[in-house]
Amino acid sequence: MFYIYCPHCGEHREEEEFHAKGQAHIVRPIDPAACDDKAWGEYLFFRKNPRGLHHELWIHAAGCRKFFNMTRDTVTYEIKEIYKIGEQPSVVAGNKLAGNK
Amino acid sequence: MQRYSGFGLLKHSLTHHENWQRVWRNPTPKKEYDVIIIGGGGHGLATAYYLAKEHGITNVAVIEKGYLGGGNTARNTTIVRSNYLWDESAHLYEHAMKLWEGLSQDLNYNVMFSQRGVLNLGHTLQDMRDIQRRVSANRLNGIDGEVLDPQQIKEIVPHMDCSDNTRYPIMGASWQPRGGVARHDAVAWGFARGADAYGVDMLQETEVVDLVIEDGAIVGVKTNKYGVIKAGRVGSVVAGNSGVIAKMAGFDLPIESHPLQAMVSEPIKPILDTVVMSNHVHGYVSQSDKGDLVIGAGIDGWNGYGQRGSFPTIEHTMQAIVELFPIFSRVRLNRQWGGIVDTCPDACPIISKTPVENLFFNCGWGTGGFKATPGSGHVFAASLATGEMHPMAKPFSMFRFHDGALIDEHGAAGVAH
Ligand SMILES: Cc1cc2nc3c(=O)[nH]c(=O)nc-3n(C[C@H](O)[C@H](O)[C@H](O)COP(=O)(O)OP(=O)(O)OC[C@H]3O[C@@H](n4cnc5c(N)ncnc54)[C@H](O)[C@@H]3O)c2cc1C
Ligand SMILES: [Zn+2]
């Protein structure tokens, strides 16, 4: 059970108010028509699935309905940091298994 | 292998059951195997069994980091059915169903497969249209199925609230009489015992920590306990940890690992002799032979490898169950747990070659792979034996996420389990 800080509301709220929306920082191809099948498939379907630190997108669905980012450990479930859309994470993985490709 | 029988039971009772043979050996590994299976869950063990039995390949090791069946196999809610929408998946799950029907005899091990029927409830007009479409598709594929109205459902499950006085009244259901449940750990143990009898080595408490790849082909695996063990072919069958093995091999999978929770109640007298699933209110329930209500629902939406989930998910599940069965509202829960499920974007598995030669993957079964255990092992064994994917496995290539030939089973098949 997570107790999550919404950076927009400036408050901690229970997990039920939020939805996890998967991997953060996915960049949409600038020219989608120029993508080959592999690049397009990877953009649509392939997600980082680290055993360790994960940067992910969340929405405060039953609150302000705004998106924000979270860095979380997928094994201990510890929330390492919350940061706004457009910002970069400050807690990043150092080792191979923890996730950065 | 010591065969089990009623007579054996009688004979061993004379020596107070102290002289039963061990169910499998605890071998020291060889330096090299023809095939190494990573992951000793039901699917890995079934693969090893059919490799030996159907293809005569017995120089095989199953490497398991914990104990056999300790992953999702012995954590699941054991629902078995084959009423999937699309031809590719319907064929695969029905192939498994046919193997289930003779499995206890084949393994000489009672997997307690009980064809008590599975109901998938519909609560909206769209649910009912989907159900009708799916049952028609099933019948065209030779899979048993019927569409029932609330009155007929009530006859099968008298304690369920089939009235109009609910938030989402039950409008009908699909009914697969051949569906049911099986005892999950017996499935793992039965396959392990069968494989062991052919000489397959089961290496428990041994983790694969890296792969040995030379010139684009796999030649062995590195373990934490025995160093490098060589192999001609390697099959990875590690469910939620598939992304970790793929990373060792240097490619990505379109798989995300999520916690999926389940729970059982205190044991009560027999009250439910079938399986009830609802996609819309989202919960499912059956009763085990011990008397516990076995309950589950959906994944926790965030990625996780921790084999546990959050409380709100349990609460939503219980709301659905109590809505369907008001009579269960005072029953207390006994235990609750989680597994790590490997979900794929199209809710179908990956049974596939990989960019690394001689390395094969079987994963992505997500929330619903228990029912496929014998079928999955059967087709994966054929693929590992010949080096070419079995025709039933071919559509489940990992490259479908590049060429677009997805097999969309989302929701189409009732609850995702
Ligand atoms: C709560 C829950 C309920 C479910 N309910 C149903 C249901 O009702 N019906 C249904 O059909 N399906 C259900 N499922 C899904 C089903 O359990 C799985 O799809 C299926 O059991 C997967 O089997 P497996 O053998 O592939 O994986 P697992 O049983 O998870 O086996 C994988 C094994 O690999 C091992 N492993 C991982 N990494 C390594 C490594 N590096 N080295 C060595 N070993 C490793 C693990 O320890 C594990 O034992 C449910 C799952 C859960 C969690
Ligand atoms: Zn907010």
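An unreviewed UniProt entry lists chain B under the name Sarcosine oxidase subunit beta, from Neptunomonas antarctica. Per its UniProt entry, chain B bears the Subcellular location (unreviewed entry) comment "Cytoplasm". Here is the UniProt Sequence similarities (unreviewed entry) comment for chain B, exactly as written: "Belongs to the SoxB family."

As annotated in an unreviewed UniProt entry, chain A is Sarcosine oxidase subunit delta from Neptunomonas antarctica.

Caption draft 1: A look at the packing of aromatic side chains. The full count for this structure, using the stated rule, is 19 aromatic pairs over all chains. With a centroid separation of 5.8 Å and an interplanar angle of 80°, the aromatic rings of Tyr4 of chain B and Trp20 of chain B are classed as edge-to-face. With Tyr4 of chain B in the segment before helix 1 (6–13) and Trp20 of chain B in the loop between helix 1 and strand 1 (32–38), the pair connects residues that are 16 residues apart, well separated along the chain. Between the aromatic rings of Tyr4 of chain B and Tyr109 of chain B, the centroid separation amounts to 6.0 Å while the plane-to-plane angle is 50°, which identifies the pairing as tilted. With Tyr4 of chain B in the segment before helix 1 and Tyr109 of chain B in the loop between helix 4 (103–107) and strand 4 (118–122), this residue pair connects regions lying 105 residues apart in the sequence. With a relative accessible area of 15%, Tyr109 of chain B lands in the buried category. Ring pairs connect the aromatic residues Phe2, Trp58 and Tyr77 of chain A together with Trp302 of chain B, which therefore count as one cluster. The ring of Tyr4 of chain B has Arg193 of chain B sitting right over it, with the charged end atom 3.7 Å from the ring centre.

Caption draft 2: Seen up close, the coordination of the zinc ion (ligand 2). Residue and element names in this part refer to chain A. Protein coordination of the zinc ion (ligand 2) is provided by Cys6 (SG), Cys9 (SG), His60 (ND1) and Cys64 (SG), with donor distances spanning 2.0 to 2.3 Å. Angles of 104 to 116° at the metal separate the four donor atoms of the zinc ion (ligand 2), which places the site in the tetrahedral class. Each donor residue of the zinc ion (ligand 2) lies on one chain, and together they are spaced C-x2-C-x50-H-x3-C.

Caption draft 3: A look at the pattern of salt bridges. Residues and elements named next belong to chain A. Across all of its chains, the model carries 19 salt bridges over all chains by this definition. With its nearest N and O atoms 2.9 Å apart, the salt bridge here joins Arg13 to Glu11. With a relative accessible area of 28%, Arg13 lands in the partly exposed category. Assessed through its relative accessible area of 39%, Glu11 is described here as partly exposed.

Caption draft 4: Main features of the site of ligand 1. Residue and element names in this part refer to chain B. Taken together, 37 residues form the shell around ligand 1, and within it Glu64, Asn72, Thr73, Thr77 and Lys371 come nearest. Within the backbone of His43, a nitrogen or oxygen atom sits 3.0 Å from an oxygen atom of ligand 1. Contact between ligand 1 and Gly368: an oxygen atom at 3.2 Å from a main-chain N or O atom of the residue. For ligand 1, whose accessible area on its own is 1,000 Å², the fraction buried by protein is 97%. Going through the elements one at a time, helix 2 (42–55), strand 12 (256–265) and strand 16 (333–343) are the ones with two or more residues in the shell around ligand 1. Sort the elements by how many residues they give to the shell around ligand 1 and strand 12 lands first, with three residues. Split by domain, the residues of the shell around ligand 1 number at least three in each of domain 1 (28–78 + 184–254 + 346–413) and domain 2 (114–179 + 256–343).

Caption draft 5: The arrangement of the interface of chain A and chain B in detail. Contacts between the two partners involve 27 residues from chain A and, on the opposite side, 31 residues from chain B. Roughly 2,500 Å² is buried in total at the junction of chain A and chain B, and carbon and sulfur atoms are behind 55% of that figure. Interface area lost by chain A to chain B is led by Phe46, Asn49 and Tyr77 of chain A, which between them contribute 28%. On inspection of chain A and its partner chain B, the count reaches zero salt bridges. Put simply, chain A and chain B have 14 residue pairs in polar contact (both at pLDDT 80 or more) between them. Of all elements in the fold, only helix 1 (37–45) and strand 4 (53–59) of chain A reach the threshold of two or more residues within the side of chain A that touches chain B. Among the elements that take part in the side of chain A that touches chain B, helix 1 of chain A stands out by supplying five residues, more than any other. Partitioned by chemical class, the residues of the side of chain A that touches chain B number ten nonpolar, six polar and eleven charged.

Caption draft 6: Local environment of the sheet that holds strand 14 (residues 283–287) of chain B. All names here are of chain B. A sheet is described by the order of its strands in space; here eight strands give the open sequence 5-6-4-13-14-15-12-16, paired in mixed fashion. Strand pairing shows two members of the sheet lacking a second neighbour, strand 5 (146–148) and strand 16, which therefore form its edges. Averaged over neighbouring strand pairs, the angle between their axes works out to 20° when direction is ignored. Relative to strand 16, strand 12 runs antiparallel, the two sharing ten bridges. Residue pairing in the sheet places Glu256 in a bridge with Thr343 of strand 16. Helix-sheet contacts for helix 5 (residues 125–140) involve strand 4, strand 5 and strand 6 (172–176), and the interaxial angle to strand 4 is about 145°.

About the cut-offs
- Here the residue index of a chain counts from 1 through its sequence in written order.
- Each chain gets a letter, beginning with A, and each ligand a number, beginning with 1, in the order they are written.
- Two thresholds apply to this predicted model, a pLDDT of at least 70 for residue-level local features and 80 or more for giving and counting side-chain atom pairs, whereas whole-chain, interface and lining totals are computed over all residues.
- The basis for the side-chain values is all heavy atoms of the structure; hydrogens and waters are excluded.
- UniProt positions are given in the numbering used here, feature names are shortened, and annotations may be inferred rather than shown by experiment.
- Classification of ring pairs rests on two measures: the distance between centres of Phe, Tyr or Trp rings, Trp counted by its six-membered ring, which must be within 6.5 Å, and the angle between planes, read as stacked under 30 degrees, edge-to-face over 60 and tilted in between.
- A helix here means a DSSP run of H or I that spans at least four residues, while a strand means a run of E at least two residues long, and both kinds are numbered starting from the N terminus.
- A simple rule labels every residue: compare its accessible area, found with a 1.4 Å probe on the protein chains alone, to the largest value its type can have, and call it buried under 20%, exposed over 50%, or partly exposed in between.
- By definition here, charges over rings are those cases where NZ of Lys or CZ of Arg is within 6 Å of the ring centre and within 35 degrees of the ring normal.
- Only N, O and S atoms count as donors, using a 2.8 Å limit from the metal and a wider 3.2 Å limit for Na, K and Ca, and since water is excluded some coordination spheres may look unfilled.
- Geometry is assigned from donor-metal-donor angles: four donors are tetrahedral when every angle falls between 85 and 135 degrees, four are square planar and six octahedral when opposite donors sit over 155 degrees apart with all other angles between 65 and 115, and any other arrangement is irregular.
- Salt bridge, as used here, is a side-chain nitrogen of Lys or Arg placed within 4 Å of a carboxyl oxygen of Asp or Glu.
- By convention in this text, a residue qualifies as near a molecule or strand provided that one of its non-hydrogen atoms is within 4 Å of it.
- Here a polar contact is taken to be a pair of N or O atoms separated by no more than 3.5 Å, where protein atoms must pair a possible hydrogen donor with a possible acceptor and residues adjacent in sequence count only if both atoms sit in side chains.
- Note on areas: Shrake-Rupley with a 1.4 Å probe; residue coverage comes only from the protein chains shown.
- Where each domain starts and ends follows an automatic or database-derived domain assignment.
- We call two residues in contact when some of their heavy atoms are within 4.5 Å.
- Once two parts are put together, the accessible area they lose, assessed with a 1.4 Å probe and summed over both, is termed the buried area.
- For this scheme, ten residues count as nonpolar: Ala, Val, Leu, Ile, Met, Phe, Trp, Tyr, Cys and Pro. Four count as charged, namely Asp, Glu, Lys and Arg, and the remainder, Gly too, count as polar.
- Following DSSP output, two strands are said to pair if at least two bridges run between them.
- Angular values range over 0 to 180 degrees, each being the angle between N-to-C directions of two axes fitted as lines to C-alpha atoms, with helices fitted over their stretch in contact.

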